[in-house]
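Each chain, written out:
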Amino acid sequence: MQAARASSADPSTGAPLQQAPIPAAAPPQRRADGRFGRAGLATALRRAARRGCAPPVVASPPVKLDDKIAVVTGAGRRVGRAIAEELAAAGATVVLHYHGSRVEVAQLASQLERSLVVKADLRTAAGCRTLLEAVRKHCGRLDLLVNNAAGYQRGPFAYETDDTWNQMLALNLVAPARLIRGALGLGVSSVVNIVDVAARVPWKHHAAYAASKAGLAHLTACLALELAPAVRVNAVAPGTVAFPDDFSAGERAAIVRRIPLERVGQPSDVARAVRYLFEEEYLTGVILPVDGGAGLA
Ligand SMILES: NC(=O)c1ccc[n+]([C@@H]2O[C@H](COP(=O)([O-])OP(=O)(O)OC[C@H]3O[C@@H](n4cnc5c(N)ncnc54)[C@H](OP(=O)(O)O)[C@@H]3O)[C@@H](O)[C@H]2O)c1
């Protein structure tokens, strides 16, 4: 198994990747009712003035995630990349985790104002520790953890092996649990797990994958209950938003025929749902389908 390592440097050139320093750990602001509030426009203006930049253009909706720190696992491509881009566009500092997508994640980091790149194999306890330690060292705290990285495997159950099951469960269920536990020590206040419509709707030839996602969906509910009120734990359950490369045209058409909205979604649909679950402070234990109605069929 590949050794995990943390990096805040461009993996291809060795040059530092952070374009601007990660903001110092600001003490979380509690309102009179004890809940965390958001930095208001006045605060944003004061901060901009201190940084010597022009005041932000006030648009609708306002940038809400300024000074938030988010980890997105598997941020180099497809859904994870869209989530990282959405959060960064809203002002967050994003920790871009990757495993194999070195070039893609370096290219993404070069486009972002503030980011940290960390390589880790999340199938191992050491890999999960590497990611959390990098966040602790470079950011000092964490607001949002998005458990997006996952393995995917399809095929008849009879041909699945113990290794298939161990790999699926290690990456899709045990790693999110480990990362959530570790994130508690970093002050995380929101977790969004990416599950799948298959966590609830059984499919043929996806037993290990679907069972791992069903486990993650149930973990979401268990932890929403156990970790409240300090931490909100929600999930997005996508239908098809990016086809696996090996799906044939016929398989793709068959999937589209089963979707009430008659089209597949986009990674950006999932990304906006993640942001919504992070921003809406009265939501916990929600498993939000983003599937064009596929879960109804
Ligand atoms: N695509 C869809 O239509 C769809 C539908 C339902 C649910 N989902 C869920 O949405 C999420 C993203 O889907 P996707 O299609 O974008 O997935 P994907 O393209 O298969 O990407 C999987 C991600 O997991 C990371 N990863 C793989 N092995 C890893 C390991 N050993 N350690 C750490 N990270 C590892 C990869 O990182 P590297 O690339 O850096 O190796 C990659 O970023 C997944 O949770 C998936 O189950 C997707």
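Heads up: the structure comes first, above all this text.
The following refers to the structure shown. This one's a predicted model, so the numbers in the text were calculated from it and none came from an experiment. (Residues numbered from 1 in each chain as written. Predicted model: local features only at pLDDT ≥ 70, side-chain atom pairs only at ≥ 80, totals over all residues.)

## Things to note about the overall build of the chain
Helices and strands together make up the secondary structure of the chain, namely eight helices and eight strands. Considering only intrachain contacts with a sequence separation of at least 6, the fraction spanning at least 24 residues in the chain is 70%. (Helix = DSSP H or I, 4+ residues; strand = E, 2+ residues; numbered from the N terminus. Contact = placed C-beta atoms within 7 Å.)

## A look at the packing of helix α2 (residues 78-89) against helix α8 (residues 267-279)
Two quantities define a packed helix pair, namely the angle between the axes and the distance from one axis to the other. Where α2 meets α8, the axes come as close as 8 Å, and the angle between the chain directions of the two elements is 50°. One element, α2, and the other, α8, form an angle in the oblique class. Crossing hand, α2 versus α8: right-handed. Contacts between α2 and α8 pair Arg 78, Val 79, Ala 82, Ile 83, Glu 85, Glu 86 and Leu 87 from the former with Pro 267, Ser 268, Val 270, Ala 271, Arg 272, Val 274 and Arg 275 from the latter. (Axes fitted to C-alpha atoms, helices over the stretch in contact; angles between N-to-C directions. Parallel < 35°, antiparallel > 145°, perpendicular 65-115°, else oblique. Left-handed = near helix turned anticlockwise from the far one by under 90°.)

## Here's the deal with the site of the ligand
The environment of the ligand is formed by 25 residues, the closest being Gly 74, Arg 78, Gly 100, Ser 101 and Ala 150. Among the elements that line the shell around the ligand, the one with the most residues is α2, at three residues. For the shell around the ligand, a count of residues per class yields eleven nonpolar, nine polar and five charged. (Near = placed C-beta within 6 Å. Nonpolar A, V, L, I, M, F, W, Y, C, P; charged D, E, K, R; others polar.)

## Focus on helix α6 (residues 207-227)
Over its 21 residues, α6 extends 29 Å from the first C-alpha to the last, a length consistent with the 30 Å expected when each residue adds 1.5 Å. Among the residues making up α6, those that are buried are Ala 207, Ala 208, Tyr 209, Ala 210, Ser 212, Lys 213, Leu 216, Ala 217, Leu 219, Thr 220, Leu 223 and Ala 224. Tucked into the core, α6 has its buried residues touching α5 (162-184), β6 (190-194), β7 (232-238) and β8 (287-290). (Expected span 1.5 Å × (residues − 1). Buried ≥ 20, exposed ≤ 12 C-beta atoms within 10 Å, placed from the backbone.)

## Notes on the environment of Glu 262
Relative to the helices and strands, Glu 262 is located in the loop between α7 (249-257) and α8. You can call Glu 262 exposed: it has 10 C-beta atoms within 10 Å. With 32 residues separating them in the primary sequence, Glu 262 and Ala 294 have C-alpha atoms 9.4 Å apart.

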